[in-house]
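Fold and geometry: a report
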Amino acid sequence: MIDHLPPLALYVHVPWCVRKCPYCDFNSHGVGRGAELPEEEYLAALIDDLDADLPLAAGREIVSVFIGGGTPSLMAPSFYRRLLEALKARLPLAPDIEITLEANPGTLERGRFAGYRQAGINRLSLGVQSFQDDQLAVLGRIHGGADAEAAIREARHAGFDNLNIDLMHGLPGQTVELALADLDRALALSPEHLSWYQLTLEPNTEFHSRPPTLPEEEVLWDIQDIGHERLEAAGLSRYEISAYARPGQRARHNLNYWRFGDYLGIGAGAHGKLSAREGEGLAIERRWKARQPEAYLRRRRDPRGFVAGRAPVDPDELPLEFAMNALRLVDGVSMATWCAHTGYTPEVMSSRLVEAREKGLLVEDAGRLQASSRGLLFLNELLALISEADA
């Protein structure tokens, strides 16, 4: 069993956006363009939330910070300067810490990128999704393709040398040619990292209740196959199902998730995963905060605090929990690491994965658990087999 605490990261959630996108199932709440947000009150709540969670960190070093949403770029640079100052005053930060801010090209006032960089943010993740104006309109985005390109140029001018572009494919009415044109425009901007994922119709979204017409399956396969080759040829190597990076530029924060690291979560609806030593191994607990922004802000004056719920991870659920993360990585995970996290021996694990191997979903390697190319495409099927085998 694992007898040491894993790395610890911090996730910060900012729940507001200008307009809720029809495909979005995140905890985001539209407020309209130009709306006044409760920045001061929310900053105070985040710091109180962090203070309440400090005993869980117990002086552990923070290896990465990710500020997501919603649209975190709705908040002013001074908001993040004060937040990061509060974090530095309370917990040790890794010397080479990665601090990522998600930004929407449609919410950026000129000069904000420089302010974010001066505040201490050293990585940007831009929610571009597409460079085609008609596609962006269908997706409910508030920016155009030219806005996205201008935002990336300004980010470079502000000194950001670690940039991710979020790009979607499989969009309504999208052809192979249009998908590749989006990729080409992204690659022309030389990002260090690119998240390239297929649009899915998630429950509790507008697209789920009123589904648009999506490309045929054959078109989707062609987009993925040709697009993958184009990204690899451009020097962006795939290291996770939908993540590509240049050498040394993999997203450390996301790698911590996929390697089953720990993370504090502060902000409305934020989730956390924390480990504690118990006997010869670790006990793992998941925690989540009040979801609605107004309810979260009220929790500052509530003796219950910000936590809306918590649940221990049952040891019997560990194999599936671990697999859901580790098997997203192209390189998979060593059998020794798998067994250390789940408590099973290599012999037990191998016997439980016979069907997955027979279906070609796992690479045949006795020392490693690694999804095959087919397994990455059909990860849910692979996870279902692991879950059934563990029942």
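Reference entry: report on the structure contained in this document. (Residues numbered from 1 in each chain as written. Predicted model: local features only at pLDDT ≥ 70, side-chain atom pairs only at ≥ 80, totals over all residues. Heavy atoms only, no water.)

Brief notes about the overall build of the protein chain
Rules: Strands here are runs of E lasting at least two residues and helices are runs of H or I lasting at least four, both read from the DSSP assignment and numbered beginning at the N terminus. Put simply, the radius of gyration uses C-alpha atoms, and a globule should come to 2.2 Å times the residue count raised to 0.38. Between buried and exposed lies partly exposed: a residue is buried under 20% and exposed over 50% of the maximum accessible area for its type, with that area taken using a 1.4 Å probe on protein chains only. Any two residues whose heavy atoms approach within 4.5 Å at even a single point are treated as in contact. Each accessible area is a Shrake-Rupley result for a 1.4 Å probe, and residues are judged covered by the shown protein chains and nothing else. By the counting scheme adopted, Arg and Lys are positive, Glu and Asp are negative, and His together with the chain ends is not counted. Think of each charge as sitting on NZ of Lys, CZ of Arg, CG of Asp or CD of Glu.
Along the backbone of the protein chain there are 16 helices and 16 strands. Its C-alpha atoms give the protein chain a radius of gyration of 21 Å, within 12% of the compact-globule value 21 Å for 391 residues. Each of the three principal axes of the protein chain carries a C-alpha extent, and together these read 60 × 55 × 40 Å. Within the protein chain, buried positions represent 54% of all 391 residues. A separation of at least 24 residues holds for 70% of the contacts in the protein chain among residues at least 6 apart in sequence. Counting only carbon and sulfur atoms, one obtains 50% of the accessible surface of the protein chain, whose full area is about 17,300 Å². Here the protein chain carries 41 positive and 56 negative side-chain charges, and the mean point of each set is 6 Å from the other.

Let's talk about helix 8 (residues 217-233)
The condition that has to hold: Expected span of a helix: the number of residues minus one, times 1.5 Å. By construction, the arc corresponds to the directions joining the helix axis to the C-beta atoms.
Over its 17 residues, helix 8 extends 24 Å from the first C-alpha to the last, a length consistent with the 24 Å expected when each residue adds 1.5 Å. Taken together, the buried positions of helix 8 are L220, I223, Q224, G227 and L231. For helix 8, the angular spread of buried residues about the axis comes to 95°, placing them on one side. The outward face of helix 8, more than 90 degrees from its buried face, is lined by the exposed residues E218, E229 and A233. The elements touched by buried residues of helix 8 are strand 7 (163-169), helix 6 (176-187), strand 8 (193-198), strand 10 (243-245) and helix 15 (373-377). G235, located one to two residues past helix 8, shows a positive phi value of around 90°.

Remarks on the side chain of S372
Following the sequence through the fold, S372 ends up in the loop between strand 16 (368-369) and helix 15. With relative accessibility at 13%, the residue S372 sits in the buried group. Setting aside residues up to four positions removed in sequence, S372 forms contacts with G360, L361, L362 and V363.

Considering the side chain of E321
Relative to the helices and strands, E321 is located in helix 11 (residues 318-326). Sequence-distant contacts of E321, that is, excluding residues within four places in its chain, are made with F260, R286 and V313.

Quick word on the packing of aromatic side chains
Keep this limit in mind: Classification of ring pairs uses Phe, Tyr and Trp, with its six-membered ring standing for Trp, and accepts pairs whose centres are within 6.5 Å; under 30 degrees between planes counts as stacked, over 60 as edge-to-face, and the remaining range as tilted. In this analysis the charged atom, NZ for Lys or CZ for Arg, is taken to sit over a ring once it is within 6 Å of the ring centre and within 35 degrees of the ring normal.
One pass over the structure, following the stated rule, counts 12 aromatic pairs. On the basis of an interplanar angle of 80° and a centroid distance of 4.7 Å, the ring pair of Y257 and Y263 is categorised as edge-to-face. A relative accessible area of 22% means that Y257 is categorised as partly exposed. Chaining the aromatic ring pairs together yields one cluster made of W16, Y42, Y296 and F306. Stacked on the ring of F160, the Lys or Arg R117 has its end atom at 5.7 Å from the ring centre. Stacked on the ring of F260, the Lys or Arg K273 has its end atom at 4.3 Å from the ring centre.

Topic: the environment of A86
With respect to the helices and strands, A86 occurs in helix 2 (residues 77-90). In this structure, the C-alpha to C-alpha distance between A86 and L50, residues 36 residues apart in sequence, is 9.1 Å.

Examining a negative patch on the surface
Spelled out, the test is: The patches described consist of residues with a relative accessible area above 30% and no salt bridge, like charges being joined within 9 Å and nonpolar side chains (Val, Leu, Ile, Met, Phe, Trp, Tyr) within 5 Å. Salt bridge, as used here, is a side-chain nitrogen of Lys or Arg placed within 4 Å of a carboxyl oxygen of Asp or Glu.
There is a patch of like negative charges on the surface, built from E216, E217, E218, D222, D225 and E229. By the element assignment, E218 lies in helix 8. Since its relative accessible area comes to 65%, E218 is described here as exposed.

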